[in-house]
Amino acid sequence: MPSPKTFTKIADHFRERILSGELEPGAKLPTNREIAGQWQAAAATVSRALQALQVENFIRTTPGAPTSPMTPAGRCRRGTGWPVFSG
């Protein structure tokens, strides 16, 4: 089985940190440039990873503001569009 693409690894990394509570709602994620440096990835790769997380409602991006995790209430189960219910 081929290894996951870099954007998938980046998205999975942040998704897991958000789900574990390590990154709480409102916390500041590293900048795209910082993530690119940490992962030795192109800016477009980081952008694609963050877009995936945004579509799944794991993060909120606002122009001019830091990217931050969202509260669990707004999240969707990966690839389904169905909400994630915890508990």
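Calculation criteria
- Residues numbered from 1 in each chain as written.
- Predicted model: local features only at pLDDT ≥ 70, side-chain atom pairs only at ≥ 80, totals over all residues.
- Heavy atoms only, no water.
- Helix = DSSP H or I, 4+ residues; strand = E, 2+ residues; numbered from the N terminus.
- Buried < 20%, exposed > 50% of the residue type's maximum accessible area, 1.4 Å probe, protein only.
- Contact = heavy atoms within 4.5 Å.
- Areas by Shrake-Rupley, 256 points an atom, 1.4 Å probe, with all protein chains shown as cover.
- Core = buried A, V, L, I, M, F, W, Y, C linked by side-chain atoms within 4.5 Å.
- Expected span 1.5 Å × (residues − 1).

Participant: If you had to explain the overall build of the protein chain to someone new, which residues and values would you point to?
Facilitator: When you go through the protein chain residue by residue, the secondary structure sums to three helices and two strands. In sequence order, the secondary structure elements of the protein chain are arranged as α-α-α-β-β. Across the 87 residues that make up the protein chain, the buried fraction comes to 29%. Pairs at least 24 apart in sequence give 49% of the contacts found in the protein chain among residues at least 6 apart. Summed over all atoms, the accessible surface of the protein chain reaches about 5800 Å², with 54% contributed by carbon and sulfur.

Participant: Before we move on, could you go through the environment of Gln40 and cite the residues and values that matter?
Facilitator: The topology assignment puts Gln40 in the loop between α2 (32–39) and α3 (43–55). Separated by 34 residues in the primary sequence, Gln40 and Thr6 have C-alpha atoms spaced 9.4 Å apart.

Participant: Which residues make up the nonpolar core, and what values do they have?
Facilitator: Counting 16 residues, the largest nonpolar core has Ile10, Phe14, Val46, Leu50 and Leu53 as its most contacted members. Only α1 (6–20), α2 and α3 provide two or more residues apiece to this core. Counting residues per element, this core draws most heavily on α1, at five residues. Apart from the residues within four sequence positions on either side, Val46 is in contact with Ile10, Asn32, Ile35, Ala36 and Ala41.

Participant: Could you give me a rundown of the side chain of Thr67, with the residues and numbers involved?
Facilitator: Looking at the secondary structure, you find Thr67 in the loop between β1 (59–60) and β2 (68–69). The contacts of Thr67, once residues within four sequence positions are left out, are Ala27, Lys28, Leu29, Ile59, Arg60 and Thr61.

Participant: With reference to specific residues and values, describe unusual backbone geometry.
Facilitator: Unusually for a residue other than glycine, Gln40 sits at a positive phi of about 50°. Of note in this structure, Asn57 is not a glycine but carries a positive phi near 65°. For Asn57, the position within the fold is in the loop between α3 and β1.

Participant: Outline α3, supporting the account with residue identities and numerical values.
Facilitator: Its 13 residues give α3 an end-to-end C-alpha distance of 18 Å, which sits within 8% of 18 Å, the value for a rise of 1.5 Å per residue. In this fold, the buried residues of α3 make contact with α1, α2 and β1. Asn57 occupies a position one or two residues after α3 and carries a positive phi of about 65°.

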